[in-house]
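Descriptive structure summary
If you want the building blocks of each chain, they are given just below.
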Amino acid sequence: MAIITISRGSYVKGREISEKVAKNLGYECISREVILEASDRFNIPEIKMIKAIHDAPSILERVSHGKTAFIAFYQYALSRSVQKDNIVYHGLAGHLLLKGIPHLLKVRISADLSARVANEMAESGIPEREARNLILKDDEERRNWTKNLYGVDPWDSSLYDLTLCIDKFTVDDAVDFICRAASFEKFKATKESTQKMHDLVLACEVKAELVENEFDVAVTSEYQNVIIYTKAGGRTLKKLEQKASLLAEKIPNINNVEVHAGIAYPQNAI
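What you see is a predicted model; the values in this text were computed from it and never measured. (Residues numbered from 1 in each chain as written. Predicted model: local features only at pLDDT ≥ 70, side-chain atom pairs only at ≥ 80, totals over all residues. Heavy atoms only, no water.)

1. Considerations on the environment of K250
Looking at where K250 falls in the secondary structure, it is placed in helix α11 (residues 234–250). Overall, the relative accessible area of 54% leaves K250 in the exposed class. Separated by 108 residues in sequence, K250 and R142 place their C-alpha atoms 37 Å apart. (Helix = DSSP H or I, 4+ residues; strand = E, 2+ residues; numbered from the N terminus. Buried < 20%, exposed > 50% of the residue type's maximum accessible area, 1.4 Å probe, protein only.)

So this is what it looks like as structure tokens:
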């Protein structure tokens with residue numbers, strides 16, 4: 001079966017669509033639960049996780065766990081949550097955090113600004129000008145956040161497998177489109193794609209453990225063979241190699257772990 005990520009702007013009925021897709025397919029629907037899991041796993045107050053996920057990257061650099069650590073924690077929690085498949089995730093950058101998974105269906109939902117303003121006015125009972133300003137501010141914050149962290153624009157349709165502008169469609173229409181796409185052979189889990197999912201989880205776990213100890217690294221995993229990439233040298237490199245050896249003993253799924261220093265990080269590294 002598939003993993004579905006649904007990216008959406010504010011006030012486009014994204015939550016409603018996600019929940020109905022999950023119900024129709026018999027999938028689990030997750031969003032905020034990932035923040036709770038990351039908060040619990042790394043012993044960070046939930047409010048700090050939420051602030052880290054939603055605030056500007058420049059602000060995160062000034063907190064004790066910087067943006068790299070927070071994103072690593074979140075990515076590990078998300079990859080663990082979707083590892084079992086049959087998941088609909090609507091939330092932060094799922095299509096980017098789960099990159100490289102073949103049976104991942106990446107969906108983007110949008111709507112005309114006027115329709116979004118009308119939805120916000122109806123839900124919140126605020127004037128049109130205030131609703132418009134709120135939505136535009138939220139859009140800009142989301143766009144800047146993704147651009148600063150990943151160097152891409154979340155409005156770029158090439159990032160997704162399916163983009164839906166729901167102005168002329170009902171919620172049920174959107175749900176039907178997504179469910180049909182999820183049934184395509186390309187998005188069904190195979191032995192190979194499931195292995196890639198397991199490797200992503202393992203790479204995320206290793207990176208989360210290392211950045212928690214303030215190591216600046218990138219990580220890949222292929223059939224549980226882990227490579228840690230770093231620009232560090234000297235004493236820091238030796239400490240990293242020692243930590244990597246300990247992780248190989250601590251994490252049961254690792255077949256082998258290597259540390260490569262002074263070379264470019266591969267594109268598939270997390």
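2. Considerations on the sheet that holds strand β8 (residues 256–261)
Overall, mixed pairing links the 3 strands, which are arranged β6-β7-β8 in an open sheet. A single partner strand is all that each edge strand has here, and the edge strands are β6 (217–222) and β8. On average, adjacent strands in this sheet sit at an angle of 20° to one another, irrespective of strand direction. The pairing of β6 with strand β7 (residues 225–230) spans 6 bridges and is antiparallel. Paired with A218 across the strands is Y229, a residue of β7. In this fold α11 packs onto β6, β7 and β8, with an angle of close to 165° to the strand it touches most, β8. (Pairing = 2+ DSSP bridges. Axes fitted to C-alpha atoms, helices over the stretch in contact; angles between N-to-C directions. Contact = heavy atoms within 4.5 Å.)

3. Examining the packing of helix α5 (residues 67–82) against helix α10 (residues 191–212)
For the pair α5 and α10, the least separation of the axes is 8 Å and the interaxial angle reads 150°. Classified by the interaxial angle, the pair formed by α5 and α10 is roughly antiparallel. As for how α5 packs across α10, the hand of that crossing is left-handed. Residues T68, A69, A72, F73, Q75, Y76, S79, R80 and V82 of α5 touch α10, and the partners they reach there are M197, L200, V201, C204, E205, K207, A208, V211 and E212. Residues belonging to the contact of α5 with α10 are distributed by class as follows: 11 nonpolar, 3 polar and 4 charged. (Parallel < 35°, antiparallel > 145°, perpendicular 65-115°, else oblique. Left-handed = near helix turned anticlockwise from the far one by under 90°. Nonpolar A, V, L, I, M, F, W, Y, C, P; charged D, E, K, R; others polar.)

4. Looking at the nonpolar core
By size, the foremost hydrophobic cluster in this structure holds 48 residues, and its most contacted members are L78, V82, L98, M197, V206, L210 and I228. For L98, the residues in contact, after removing those within four places along its chain, are I3, T5, L78, S79, V82, L104, M197 and L200. (Core = buried A, V, L, I, M, F, W, Y, C linked by side-chain atoms within 4.5 Å.)

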